[in-house]
Every structure is written in structure tokens, then in C-alpha cells.
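The primary structure of each chain is shown beneath.
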Amino acid sequence: MERAEKIAIASDHAGRELKEDLKEFLKSRGLEPVDMGTNGDESVDYPDYGIPVAEKVSKGEIKRGILICGTGIGMSIVANKFPRVRAALVCDVYTARMAKEHNDANILVIGGRIVGKGLAREMVSVWLDTEFSAGRHQRRLDKIREIEDRVGGCG
Ligand code: RB5
């Protein structure tokens, strides 16, 4: 039997409830969520939870991740600092599909205070199932990769 794909997932306090729900959803789809916190109720700083997920994806240790904070904005800013990370903040099924089809997003970011659980599950589903369409979109991603080479960074 093939091993379940691991999906790194983390949130701050504002996204924790949605994180718990999405973990169950990922399991129901035969995936293995790797929960990188937060797991308490107290207010925390989103970079402390976004960084470990972005690092794993950046290094290729885990192929895909999901990050959640209140709006999704903070987590997006954090994750996109890392080379090879393409984190997409999505708010509906269309942007979730395009995030994969056109941008090959390897981290999906959701605003836990913006989006309900049902829509969040649908967005995750569409992102997981959509194929990157490559072609002209690959050329654009190559240009983003060149920026990373130019500005340097953490590997
Ligand atoms: C926390 O209050 C909130 O600022 C955070 O979850 C996030 O929305 C930041 O972008």
C-alpha cells in the first residue's frame, strides 16, 4: 500500500478551530496532516507557526502545506519569504483552483475569520485535485525563481 501524503498544517489562535476541522477533512481524504501548532487557546504570533511549515515546503521535506491565521494575510507574507514556496491566500473556490492551475501554489493560505468550514473544505479539495497547467505559466514561475536566485536568501 502506498504511504499517505503528508500535508503540513499550522495556524495561530485565530485559525485553530479551522485547522482542527481541516485536519479531519485531510484524514477523510486519505492524507496525513502534520500538525505544527498552535494547539493552545492563548494568543500567539503567526510567524512562529508559519515559519516551520514554510521551511519544510521550501526544503522539499513536505510537498504541500496549509496555513491559517485570522485573515490569511500574515501567514502569506511569512510563507512567501521562503525560496520555492508559492503560498496563495484564497477566498473562494475559483481562487483555490487558479492557485494550483496557474500558480502551482504549494501552500494554501486561508483566513479563519473570513471563511467558514464548509467553504474551506471545498477550497482545500479543489486545490488538492487541480493539476498545474504548466506551459506559459511555467515560464512565469521560472521568472519568480530567478528573483529568488537574484536576491538570495535562506537556501
Ligand atoms: C491575530 O489577531 C491576527 O492579526 C492574525 O491572525 C492574522 O490575521 C494576521 O495577519
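Located above this text is the structure these notes cover.
Residues numbered from 1 in each chain as written. Predicted model: local features only at pLDDT ≥ 70, side-chain atom pairs only at ≥ 80, totals over all residues. Heavy atoms only, no water.

**Student:** How should the overall build of the protein be read in this particular structure?
**Tutor:** Each helix and strand in the protein was counted, giving six helices and five strands. The order of α-helices and β-strands along the protein, N terminus first, is β-α-β-α-β-α-β-α-β-α-α. For the protein, whose C-alpha radius of gyration is 15 Å, the value lies close to the compact-globule estimate of 15 Å for 155 residues. Each principal axis of the C-alpha atoms in the protein carries an extent, and together these give about 40 × 35 × 30 Å. (Helix = DSSP H or I, 4+ residues; strand = E, 2+ residues; numbered from the N terminus. Rg over C-alpha atoms; globule rule 2.2 N^0.38 Å.)

**Student:** What am I meant to see in a positive patch on the surface here?
**Tutor:** On the surface, R136, R139, R140 and K143 cluster together to form a positively charged patch. On the secondary structure map, K143 appears in helix 6 (residues 136-151). Judged by relative accessible area, K143 falls into the exposed class, the value being 51%. (Patch = residues over 30% accessible without salt bridge, like charges linked within 9 Å, V, L, I, M, F, W, Y side chains within 5 Å. Areas by Shrake-Rupley, 256 points an atom, 1.4 Å probe, with all protein chains shown as cover. Salt bridge = Lys/Arg side-chain N within 4 Å of Asp/Glu carboxyl O. Lys, Arg positive; Asp, Glu negative; His and termini not counted. Charge placed at Lys NZ, Arg CZ, Asp CG, Glu CD. Buried < 20%, exposed > 50% of the residue type's maximum accessible area, 1.4 Å probe, protein only.)

**Student:** Looking at this structure, how should I read the environment of I147?
**Tutor:** Relative to the assigned elements, I147 resides in helix 6. Take I147: its relative accessible area is 40%, and that puts it in the partly exposed class. Residues I147 and P83, spaced 64 residues apart in sequence, show a C-alpha to C-alpha distance of 9.5 Å.

**Student:** Just checking my understanding: could you explain the nonpolar core for this structure?
**Tutor:** The nonpolar side chains of soluble globular proteins are, as a tendency, buried together. L22, L26, I66, I110 and V124 are the most contacted members of the largest nonpolar core, which totals 23 residues. With six residues, helix 5 (residues 117-129) is the single largest residue contributor to this core. Non-local contacts of I110, meaning those with residues more than four positions away in its chain, are made with L18, L22, L67, I68, C69, G72, L89, V115, A120, M123 and V124. Ranked by size, the runner-up nonpolar core spans 17 residues in total, among them V57, I62, L67 and I107. (Core = buried A, V, L, I, M, F, W, Y, C linked by side-chain atoms within 4.5 Å. Contact = heavy atoms within 4.5 Å.)

**Student:** Before we go on, may I ask you to explain the pattern of salt bridges in this structure?
**Tutor:** One side chain can pair with another of opposite charge once the charged atoms of both are near each other. Inspection of the entire model under this criterion finds 16 salt bridges. Residue D149 pairs with R145 through a salt bridge whose shortest N-O separation is 3.5 Å. Note that D149 and R145 are positioned in helix 6 at a spacing of four residues, about one turn of the helix. Judged by relative accessible area, R145 falls into the partly exposed class, the value being 32%. Counted as one network, the salt bridges with shared partners bring together R16, K19, E20, K23, D35 and D41.

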